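Residues per chain, in single letters:
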Amino acid sequence: MATATLKFPEVKNYIKGHFVDSSGEKMDVVSPLNGELLSKVPVSDIDALNNAVAAAQQAFPSWSATPIKERVQILFNYRTLLQKYKAELTELIHLENGKIKSEAEAEVDKAIELTEFAVSLPQLIPGEILEVSQGVDCKTEKIPLGVVASITPFNFPCMVPNWTIPNILALGNCMILKPSERVPLTAHRLAAILKEAGLPDGVFNIVNGTKEIVEGICDHPGIKAVSFVGSTKVAKIVYQRSTNNLKRCLALGGAKNHLLVLPDAQVEMTASNITASMSGCAGQRCMAASAMVGVGEIDHIIEKVCEEARKIVPGKNLGSVISKEAKERIEKYITDAEKAGAKILVDGRNTVVDGMEGGFYVGPTVIDHVTPDMAIAKDEVFGPVLAIMRTKTLDEAIAIENNSTYGNAASVFTQSGGLAKYVAEKASAGMIGVNIGVPVPREPFSFGGWNESRFGAGDITGKSAIEFWTQMKKTTIKWNPEARTNWMS
Ligand code: NAD
C-alpha cells in the first residue's frame, strides 16, 4: 500500500536539546481545514517520559543556579524570535488547529505578551528581609521546584503552552511539555526556537503522546508540579492523580460562559461582542460565550446578533472545528435543542466550504428559546453556537449563571453601572466582563476560572504563576548573638 506523503516531517520528541526518534505507534496529524495529512506524531511510551525527566533533572542544578537576570536574557531572545517567526508559527497554528490566520497570529502575539511578563519576573520576585527580633533577621526567597510538567489542549497550540513555558523557565525550573496530540507541530517548532534563543539542553523537553504519558506525568516521582489545561473530565483525573501522588497541581477545565444582556445594552456593541465571542476560534475557546441570558425585552438585540452572525463566512472569517467527531457532536446538540422546542434562528449545520470539502465546518448558529434544563444550556458545546435563554428578572438570569457547574467567565451587557456591579458581584465565575464578550485578563492580570473550570489554588498566569512554580524558603539568621538578646534570640 502506498504511504501518503506528509506535508511536514514526522514530529519527534524533544529531549536533552535534540529531536529524538521513537519507535512504536504513530498517529496522523490531520488539518481540520481540509482533511490533509500534515504529519505523524509519536504515541510515546513511559521510557520516553523517563528519558525526558532524567534530562531535565540533569539540567536542573545548573539552570536553577543561574541568576534569574541571566535566565530571562534567553527569554528576551525567545521573544525576539517569536516575533521573527510569527508568520511561520501563524501558518502552523492555522493548518493544524483550523482557526483563521488572524486568530492564529493573535496567539503568537499573546505568546509574546506572556514572555514579556516572564522577563519582568526579576522585578517581581525579590524576597523580603526584616530584623524580626534583636539581632535576628528573617529572609524569604522564591526557590524553583525542580522538574515540572505542563499538559496542554488542542484549541490554542501556541498560547496555552506559553501560559507556562516562559514563567516556568524564568523561575528556574526545568520542564516537560505534553502538547495535544492533535496539534503537536507548533510545540515542535517552539522547542527549536527555544534552542535558538540559547536555552541550555535539557531545560525544556517535549514528550508527545496521549493518556499513558499524561498518567505517567501524574505518577512520576521526579516531577514536582503539574499544570493541566483541557476538558473538565480529564482535569479531574489529572488533579486527583497528581495530588494523590503528593504533587502540586493546577488543572484548568472546560467552561460554559454566560452573557447576561439587559434591555438597555448598547445594541451595536453588544451584538458585535456577543457574535465575536461565540464564533471566534469557531467557538473552541474556554472563554467563548455559549449561553446568552436575555432579561426582559431584548428582541432588538437578538435581531442584531442574527444579522451579525449571518455576515460570518465559514472558511473565510470562521475557521473549522477540530475533527469530524467534533462537528457531529456540535450538530447533535443543535438538533437535540430543536427537538426539545428551541428555535434555530441561524443554522450552521451541514456547512461545507467550497474547495475544502474534506474539512470540518460548522457555521455560526443562534438558537432562541432555549430552556435551562436543555443539554445545550448546560454542557460545553465547543462550537460556534449561541444558546439564548430568556428571563423576566435579573435575579433569575443570575440564578441560571450561578447554577452552572463551570465558572470560567461571565459577562453583563448594560449601560447601568449599578446593575453591572450587581451582576459582577453575584456571578459565580473567575473572570467577569462588563460590556466585554471575551473577558480575558491581560498580563499582568492572571487567568483562571472557578468551580469545575479550575481545580487547585491560584491562577495559571500572572503573579499567581510565581506562587505555583516556586516554593518559599524562609531563612532566619543571627550573626552576633552576644550583641543584644531577648526571648527569641
Ligand atoms: P482534552 O481534555 O481532551 O485534552 C487535553 C490534554 O489531555 C491533551 O494533551 C490530551 O492528550 C490529554 N488527554 C485527553 N484525554 C485524556 C485521558 N483520558 N487521560 C489523560 N489525558 C488525556 O481537551 P481538548 O479537547 O484538547 O481541549 C478542549 C478543552 O480544553 C475544552 O474543554 C476547553 O474548555 C478546555 N480549555 C480550557 C481552558 C481553561 O483555561 N480553562 C483553556 C483552553 C482549553
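Scoring rules and cut-offs
- Counting starts from 1 at the beginning of each chain's written sequence and moves along it residue by residue.
- For this predicted model, a pLDDT threshold of at least 70 governs which residues receive local features, and a threshold of 80 or more governs which side-chain atom pairs are given and counted, while totals over whole chains, interfaces and linings are taken from all residues.
- With hydrogens and water excluded, all non-hydrogen atoms of the structure serve as input to the side-chain values.
- A pocket here means an open set of points on a 1 Å grid, computed over the protein atoms alone, that has protein on both sides within 12 Å along at least five of seven lines. A cavity is instead a set of points where a 1.4 Å probe fits but cannot get out; residues with an atom within 4 Å of a point line either one.
- Grid points are joined across faces, edges and corners, and a volume is the space filled by probe spheres set on the points.
- Counting from the N terminus, the helices are the DSSP runs of H or I reaching at least four residues and the strands are the DSSP runs of E reaching at least two.
- Put simply, Ala, Val, Leu, Ile, Met, Phe, Trp, Tyr, Cys and Pro go in the nonpolar bin, Asp, Glu, Lys and Arg in the charged bin, and everything else, Gly too, in the polar bin.
- To sort residues, take the accessible area from a 1.4 Å probe on protein chains only and compare it with the maximum for the residue type: under 20% means buried, over 50% means exposed, and anything in between is partly exposed.
- Strand pairing requires that DSSP identify at least two bridges connecting the strands.
- Residue types Ala, Val, Leu, Ile, Met, Phe, Trp, Tyr and Cys, when buried and joined through side-chain atoms within 4.5 Å, form a set referred to as a nonpolar core.
- Segmentation into domains, and thus their bounds, comes from an automatic or database assignment.
- Residues count as neighbours in contact if any of their non-hydrogen atoms are within 4.5 Å of one another.
- By convention in this text, a residue qualifies as near a molecule or strand provided that one of its non-hydrogen atoms is within 4 Å of it.
- Here a polar contact is taken to be a pair of N or O atoms separated by no more than 3.5 Å, where protein atoms must pair a possible hydrogen donor with a possible acceptor and residues adjacent in sequence count only if both atoms sit in side chains.
- Computed by Shrake-Rupley with a 1.4 Å probe, the accessible areas treat only the displayed protein chains as cover when residues are assessed.
- Each molecule is checked against the cavity or pocket grid, and it sits inside if more than half of its atoms lie within 2 Å of the grid points.
- The span you would expect from a helix comes to 1.5 Å times its residue count less one.
- The arc refers to the directions leading from the helix axis to the C-beta atoms.
- For helices, the fitted axis covers only the stretch in contact; all axes are lines through C-alpha atoms, and the angles between them, taken along N-to-C directions, range from 0 to 180 degrees.
- The term buried area means the drop in 1.4 Å probe accessible area that two parts suffer when joined, counted for both and summed.
- Think of a salt bridge as a Lys or Arg side-chain nitrogen and an Asp or Glu carboxyl oxygen that are within 4 Å of each other.

**Some details on empty space enclosed by the protein**
Stage number 1. Counting across every chain of the model gives two cavities of 30 Å³ or more.
Stage number 2. The calculated volume of the largest cavity comes to roughly 60 Å³.
Stage number 3. What lines the largest cavity is simply Ala255, Lys256, Asn257, Gly283, Arg285, Cys286, Ala288, Ser290, Glu380, Val381, Phe382 and Gly383.
Stage number 4. Taken as a whole, the second largest cavity encloses approximately 40 Å³ of empty space.
Stage number 5. Lining the second largest cavity are Tyr14, Gly17, Ala191, Leu194, Lys195, Leu199, Pro200, Asp201, Gly202, Val203 and Phe204.
Stage number 6. Take the lining of the second largest cavity: its biggest share by element is three residues, from helix 7 (residues 184-197).
Stage number 7. Here the lining of the second largest cavity is composed, by residue class, of seven nonpolar, two polar and two charged.

**Considering the pairing of strand 10 (residues 225-229)**
Stage number 1. With five of five residues buried, strand 10 lies mostly within the body of the structure.
Stage number 2. Burial along strand 10 is two-sided: the residues Ala225, Ser227 and Val229 and Val226 and Phe228 are all buried.
Stage number 3. Where strand 7 (residues 147-151) and strand 10 come together, four bridges link them in parallel fashion. From the neighbouring strand, isoleucine 151 faces strand 10, where its bridge partner is phenylalanine 228.
Stage number 4. Relative to strand 11 (residues 248-252), strand 10 runs parallel, the two being bridged by five bridges. Looking at the pairing, valine 229 lines up with leucine 252 of strand 11.

**Quick look at the nonpolar core**
Stage number 1. Within the largest apolar cluster, 89 residues are counted, with the highest numbers of intra-cluster contacts made by Trp163, Leu169, Ile176 and Phe204.
Stage number 2. Residues lining this core come from more than one domain, with at least three contributed by each of domain 1 (13-254 + 449-473) and domain 2 (257-434).
Stage number 3. Once you skip the residues sitting within four places of it in the chain, phenylalanine 204 turns out to touch Tyr14, Ile165, Met175, Leu177, Ala191, Leu194 and Leu199.
Stage number 4. Counting residues in each nonpolar core, the second largest holds 38 residues, with Val293, Ile312, Met374 and Val423 among its members.

**What about the site of the ligand?**
Stage number 1. Contacts to the ligand come from 27 residues, most closely from Lys178, Glu181, Ser231, Gly253 and Glu380.
Stage number 2. In this structure, glutamate 181 approaches the ligand through a side-chain N or O atom, which is 2.6 Å from an oxygen atom.
Stage number 3. One of the side-chain N or O atoms of glutamate 380 is found 2.6 Å from an oxygen atom in the ligand.
Stage number 4. With the chains in place, 90% of the 840 Å² that the ligand exposes on its own is no longer accessible.
Stage number 5. When atoms are counted within 2 Å of each cavity's grid points, the one that captures over half of the ligand is the largest pocket.
Stage number 6. Only helix 8 (211-219) and strand 10 provide two or more residues apiece to the shell around the ligand.
Stage number 7. The residues that make up the shell around the ligand include at least three from each of domain 1 (13-254 + 449-473) and domain 2 (257-434).

**What about helix 9 (residues 232-244)?**
Stage number 1. Between the first and last C-alpha of helix 9 there are 18 Å, a value that for 13 residues agrees with the 18 Å anticipated at 1.5 Å per step.
Stage number 2. Regarding helix 9, the residues found buried are Thr232, Ala235, Val238 and Ser242. Each buried residue of helix 9 lies within a common arc of 120° when the element is viewed along its axis, so the set occupies one face. The exposed set on the far side of helix 9, more than 90 degrees from its buried face, consists of Lys233, Gln240 and Asn244.
Stage number 3. For helix 9, the elements touching its buried residues are strand 7, helix 8, strand 10, strand 11 and strand 19 (454-455).

**Focus: the sheet that holds strand 20 (residues 470-478)**
Stage number 1. Strand order in the open sheet formed by three strands is 5-6-20, and the pairing between neighbours is antiparallel. Each end of this open sheet is capped by a strand with a single partner; those strands are strand 5 (129-133) and strand 20. Each strand of the sheet is rotated relative to its neighbour by a mean of 30°, with strand direction disregarded.
Stage number 2. Summarising the sheet, strand 6 (residues 136-144) and strand 20 pair through nine bridges and their orientation is antiparallel. In the strand pairing of strand 20, threonine 140 is matched with lysine 474.

**Section: the domain arrangement of the chain**
Stage number 1. Taken domain by domain, the chain holds domain 1 (13-254 + 449-473) and domain 2 (257-434).
Stage number 2. For domain 1 and domain 2, the distance between their C-alpha centres works out to 31 Å.
Stage number 3. On the domain 2 side, the residues contacting the 22 residues of domain 1 number 28 residues.
Stage number 4. The contact between domain 1 and domain 2 buries some 2,000 Å² in all, and 59% of this surface belongs to carbon and sulfur atoms.
Stage number 5. Put simply, domain 1 and domain 2 have zero salt bridges between them.
Stage number 6. Applying the counting criterion to the domain 1 and domain 2 interface returns 13 residue pairs in polar contact (both at pLDDT 80 or more).
Stage number 7. Within the side of domain 1 that touches domain 2, the residues separate by chemical class into seven nonpolar, 10 polar and five charged.

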